[in-house]
Structure formats: C-alpha cells, structure tokens
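One letter stands for each residue in the lines below.
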Amino acid sequence: MAQMWPILAEFLLFLIKVVQGPADSTASAVVGTKAVLRCPNTSVSSLILVIWKIRPKSESHCSLAYRADANKTDRTNCSERMTWESSPDHDPALQIHPVRLADEGNYTCEIATSDGTFSLVSALTVLVPPVVTLTHGSNGVVVCQASAGKPAAEISWAEGNGHSTENKTHHTNGTVTTLSNMPMINSTNAHVTCLVTHPAMNQTQTIELSSELSADMTLSPILHYFLICTSSCIAVAVVALILYRTLKCRGRARGVVGLAGSAVHPESFESKTRNNLRPGTVNTTNSSTVESIYQNYSVQNIHKNINSLKTQRQRV
C-alpha cells in the first residue's frame, strides 16, 4: 500500500492542473516586512501533497514541496527567505521575509487531500513607501516631493493660494517619484500642509511648513525690492563721495603749486602779476625762469620759501 502513494500523488497533481480550485486572490506586502501567502481553505487532516510554485517577475522560478506520506520537504532553486510559515502538515502557508521588490509575482499553491485537489494563485504586489520632503523652492514656490514610491503617491495641499502643478517620474525598478509645486507668493497662511497618501502608509502623512519659513515667503517680494533700492542708493552715495574727495584733492594740489611758485620767486611773481594786470601787456616769461621753478620744486624748498614769504609779508 505504501508503494501506491507516490503513484497516487502524481495522479492527484495531474488532476490539480485540470480541475480549477477557488478564484485567484491578491496579496500585498511592504518592502522589508514579512509576507504570508495562504493555500486553499481546506482541511489538512488528510493531506497528501502540497507544492508551492513561485513565479517572480524579475527573478528565476522556484518551488517548495511537502509529501505527507514520507514527511519530507523539498526546495528547488528557492531563496532561504522563502520558507514554510510553520510545519506544512499543520499549515502549508508560505512565508517570505524580508520582502524584496523583486519578489513581486504569482505564487501558486497546489494541494491534494483525500477530499480532493485544490489550487490557488496569489498575485503578490510589493509596496514601497515614498520618502516625503517639503522644501521652499525659488520664486516663493513650495515643493512637496514623494520619492521612489510604489505605486505613485497622491499629493494634495491643505492650504495654498494658487493651483498646484504635478509631475511624475517613472523609474526602471517600478517606483515613481511624484513632485508637486504650490505657489505661495503673497500668501497670508502661517502654515502650509502637504498631504501624501500611499497604500504603504497607515494614514495620510502631513508635513507642515514652519511659520518662520512661511513668513519669509510672504515677505520675499517686498524684501527683494527693498534690497535692490538700498543697494542702488548705497552705490550712488559711494560714487558721489569718491568724486567729491577727488575734486577736493585736486583743488588742494593746485593751491600748493601756486603758492610754491610765488614762494620761489616772490619779486618776479609780484612783478609779473602787475604786468598781467596792465592792459596791453604780454607775458614774456623766459625759459630760464621756468627751469628754476621746477628745479626748486621740492618739499623742503616749498616749506622754506613759504616761511620766508610769510616773514617778508609780516615785515611789510
């Protein structure tokens, strides 16, 4: 009788392929967590054989089997992350831990008992929660981003004074990044709330923008124009001060040169001044006088001649 069990098991497996069991089901698990897939709901008291056929979308196929007559399990090309949840003669459920994105696919449990043959195909969907960030972009725009989620996250706004724009980027591993921009220029809202909804999250995730940052965005246009006007006024003031100092220095230099010339030849300077004041006279300064002025044009001679000129004027 014991020799008949293998033949009977093979025959039952053939019937499993022909006879359809319960309707297919779906299951989902968050990446990094544990997933448990069930076999058809039937009594295992008269279990003969159970086989799990694993067909991931992006990995090689594998199988797990248990024969009740020999109390033996068999593993073919399956990862160590895929095991029986408990003893297969009590519960032939399949456990995957930790779940990876590549585990997504179809898992078929084929079971044979003395009551009949049953089959159940479970489509496993792996969920990836997005990484949510809320930042203040340029030109008073608040950017809410849900990165690398599977499926794509849904973004909405609790406050805002304009229409948001949304963009989605699909990645090669099946994840999606959702980006939503909300203009907040001249907004009077103290807080900005980005609502991110995703199947991998138990509830809607809310991120609030700080009131200080909201105030900065509200005042940003005013501060922008104020800084421009202030910078322009400072630049004009600096240029005017430079011109004033330059003209003042040139005036002082001309006065010193004139005084130095009169100090070198006071008599000649006075006589030439008188001649220039007379109508019809012509200035006939010779080259030797000019040379003597330039030869005596030094700091020491200037101070010496200025003091001499002052003394002479005091005597007169």
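Not measured: the values here are computed from a predicted model.

Colleague: Before we move on, can you summarise unusual backbone geometry with the specific residues and values?
Modeller: With an omega of -5°, the peptide bond between His97 and Pro98 qualifies as cis. For Pro98, the location among the structural elements is in the loop between strand 7 (94-96) and strand 8 (105-113). With an omega of -5°, the peptide bond running from Lys150 to Pro151 counts as cis. For Pro151, the position within the fold is in the loop between strand 11 (141-149) and strand 12 (154-157). Unlike most non-glycine residues, Asn77 shows phi in positive territory, near 65°. Relative to the elements of secondary structure, Asn77 occurs in the loop between strand 5 (72-76) and strand 6 (82-84). Of the residues examined, Asn77 reaches a relative accessible area of 53% and is grouped as exposed. The backbone of Ala148 sits at a positive phi, close to 50°, despite the residue not being glycine.

Colleague: Any chance you could break down the pairing of strand 5 for me, citing the residues and the numbers?
Modeller: Relative to strand 5, strand 4 (residues 62-67) runs antiparallel, the two being bridged by 5 bridges. Across the sheet, residue Ser63 finds its bridge partner in strand 5, namely Thr76.

Reading guide: rules and limits
- Residues numbered from 1 in each chain as written.
- Predicted model: local features only at pLDDT ≥ 70, side-chain atom pairs only at ≥ 80, totals over all residues.
- Heavy atoms only, no water.
- Helix = DSSP H or I, 4+ residues; strand = E, 2+ residues; numbered from the N terminus.
- Buried < 20%, exposed > 50% of the residue type's maximum accessible area, 1.4 Å probe, protein only.
- Pairing = 2+ DSSP bridges.

Read these as geometric descriptors, not functional statements.
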